[in-house]
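Per-entry structural report
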Amino acid sequence: MASTDQAKPPYPTRPDGRPAIVHVVHSLDGGGTERTLVSLLHAFDHSMFRHRVITLRAAGPLTVRLPDDVACRAIDARGKSRWSGLAMARILREDRAGLIHARNTGCWADALMAACLTRRSRLVLGFHGLETDGGFTGRQRRLARWAVRMDARFASVSEAGIKQLQNQARIHRNRIDLLPNGIDLRRFGAVDETVRKRQRYRNGFDDSAFVVGIVGTLTPVKRHATLIEAVANAAATLPGMRLLIVGDGPLRESLARQTRDAGIADHVHFTGWREDVPGLLACLDAYVCSSASEGMNNALLEAMSVGLPIIATDVGDNAVVARDGKESCIVKPGSAAPIS
């Protein structure tokens, strides 16, 4: 006779028989990781698994775009909360979570604590890229070692991320899965000239403007300040140069101040978070990724899918997905001169 343990399903299940998968993110504010998660939740077969989202901070505006049967639970922690992991564990028990997918390093600690407290939930630590260009911190390496002891798996969106996990966090390759980002070509595709002219008119760009753009959270690692410096250099000889910055974040005011100090406030347009990213990309003549650190940049993939020329820093998998001299011009990170 089989033992009780052997007869158990591989994951804890809900009364309807579906295991619950819980996706952990900081918030659903609108960054690339979060937008990709929402798209995936719409693409998954929900007859097999029940999906839930936990946000460590406030839920965020993308919550309204979740599928109807995907609940979002916001822990709404302030700062570095010691109780987020405990709160997450209570939610996991209620949902009888079979799998926890913590999406990027900022969620690792709380997910690890919650997994320790629930015990039956399997754990995947996702790696989408670092928020700084200095490599894994000592704390992040310790969390990775803790995860290995708990038999967790790691998922990287890029080949560069796999190398970082191996070389810096000392994670064995057989514990890491590659889950590259992808683009929904029903939303992002080649743009004809009629659509391009209509979108430029709607967003205030005439035919004489040369518009470059970037989509991403306004945080230090994206190096918007370097891009603004490059546009300031170029504007002296290219008065039609315009920069479209799509996204929001903690650096919004300081970046706006930089444009005013450089005398190019009229050349730089801040849109905040927008739902119509395909339409905004249709306005552009070129796309720029100025980041100091990346995994596989979602916005760069989207820009490529609409056929834009690319200027990108040589970080993460940028040079893998956008080959230098073919789809892109790959430049050294940190310098405004090559971009301008």
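The rules we used
Residues numbered from 1 in each chain as written. Predicted model: local features only at pLDDT ≥ 70, side-chain atom pairs only at ≥ 80, totals over all residues. Heavy atoms only, no water. Patch = residues over 30% accessible without salt bridge, like charges linked within 9 Å, V, L, I, M, F, W, Y side chains within 5 Å. Areas by Shrake-Rupley, 256 points an atom, 1.4 Å probe, with all protein chains shown as cover. Salt bridge = Lys/Arg side-chain N within 4 Å of Asp/Glu carboxyl O. Helix = DSSP H or I, 4+ residues; strand = E, 2+ residues; numbered from the N terminus. Buried < 20%, exposed > 50% of the residue type's maximum accessible area, 1.4 Å probe, protein only. pLDDT = per-residue confidence, 0-100. Contact = heavy atoms within 4.5 Å. Lys, Arg positive; Asp, Glu negative; His and termini not counted. Charge placed at Lys NZ, Arg CZ, Asp CG, Glu CD. Phe/Tyr/Trp six-rings, centres within 6.5 Å; stacked < 30°, edge-to-face > 60°. Pairing = 2+ DSSP bridges. Axes fitted to C-alpha atoms, helices over the stretch in contact; angles between N-to-C directions.

**What about a nonpolar patch on the surface?**
Together, Trp83, Leu86, Met113 and Leu117 make up an exposed nonpolar region whose accessible area comes to about 370 Å². With respect to the helices, strands and loops of the structure, Met113 is situated in helix 4 (residues 108-118). Exposure remark for Met113: the relative accessible area of 31% places this residue in the partly exposed category.

**Describing the pattern of salt bridges**
Per the stated rule, a full pass over the model turns up 15 salt bridges. Between Asp177 and Arg153 there is a salt bridge, with its nearest N and O atoms 2.9 Å apart. Taken together, the positions of Asp177 in strand 7 (residues 176-178) and Arg153 in strand 6 (residues 153-156) put the pair 24 residues apart, joining distant regions of the chain. Judged by its relative accessible area of 33%, Arg153 falls in the partly exposed class. Ionic contacts of the salt-bridge type, sharing partners, join the residues Glu193, Arg196, Arg200 and Asp285 into one network.

**Quick look at the confidence of the model for the chain**
Confidence in the prediction for the chain averages 89 pLDDT; 94% of positions are at 70 or higher. Predicted confidence for residues 1-11 stays below pLDDT 50, and this span has seven contacts to residues more than four positions away or in other chains.

**Focus: the environment of Pro180**
For Pro180, the location among the structural elements is in the loop between strand 7 and helix 7 (193-202). Classification of Pro180 by relative accessible area gives partly exposed; the value is 48%. As for Pro180 and Leu28, which are separated by 152 residues in sequence, their C-alpha atoms are 20 Å apart. Excluding residues within four positions of it along the chain, Pro180 makes contact with Ser156, Val157 and Met296.

**Topic: a positive patch on the surface**
Residues Arg139, Arg141, Arg142, Arg145, Arg149 and Arg170 make up a contiguous surface patch of positive charge. Mapped onto the fold, Arg139 is located in helix 5 (residues 138-149).

**A word on the packing of aromatic side chains**
Under the defined criterion, the tally for this structure stands at three aromatic pairs. Summarising the aromatic geometry, the rings of Trp108 and Phe136 are spaced 6.4 Å apart at their centres and angled 25° between planes, so their arrangement reads as stacked. Pair noted here: Trp108 is in helix 4 and Phe136 is in the loop between strand 5 (122-127) and helix 5, with a separation of 28 residues, a long-range link. The pair formed by Trp108 and Phe136 is uniform in burial state, with each residue classed as buried. Taking the centre distance of 5.8 Å and the plane angle of 75° together, the rings of Trp108 and Phe154 count as edge-to-face. With a gap of 46 residues between them, Trp108 in helix 4 and Phe154 in strand 6 connect regions that are remote in the sequence. Like Trp108, the residue Phe154 is buried in the burial classification. One aromatic cluster in this structure is built from Trp108, Phe127, Phe136 and Phe154.

**Side note on the sheet that holds strand 2 (residues 50-55)**
Spatially, 3-2-1-4-5-6-7 is the arrangement adopted by the seven strands of the open sheet, whose pairing is parallel. Pairing within the sheet leaves two strands with one partner each, and these edge strands are strand 3 (71-74) and strand 7. Each strand axis lies, on average, 25° off the axis of its neighbour in the sheet, ignoring direction. Sheet analysis places strand 1 (residues 20-25) next to strand 2, joined by six bridges and oriented parallel. Following the sheet pairing, Ile21 is matched in strand 2 by His51.

**Concerning unusual backbone geometry**
Although it is not a glycine, Asp76 sits at a positive phi angle of roughly 60°. With respect to the helices and strands, Asp76 occurs in the loop between strand 3 and helix 3 (84-95). Relative accessible area serves as the criterion here: at 35%, Asp76 is assigned to the partly exposed category. One non-glycine residue, Arg96, lies in positive phi territory at about 50°. According to the relative accessible area criterion, Arg96 is partly exposed, its value standing at 40%.

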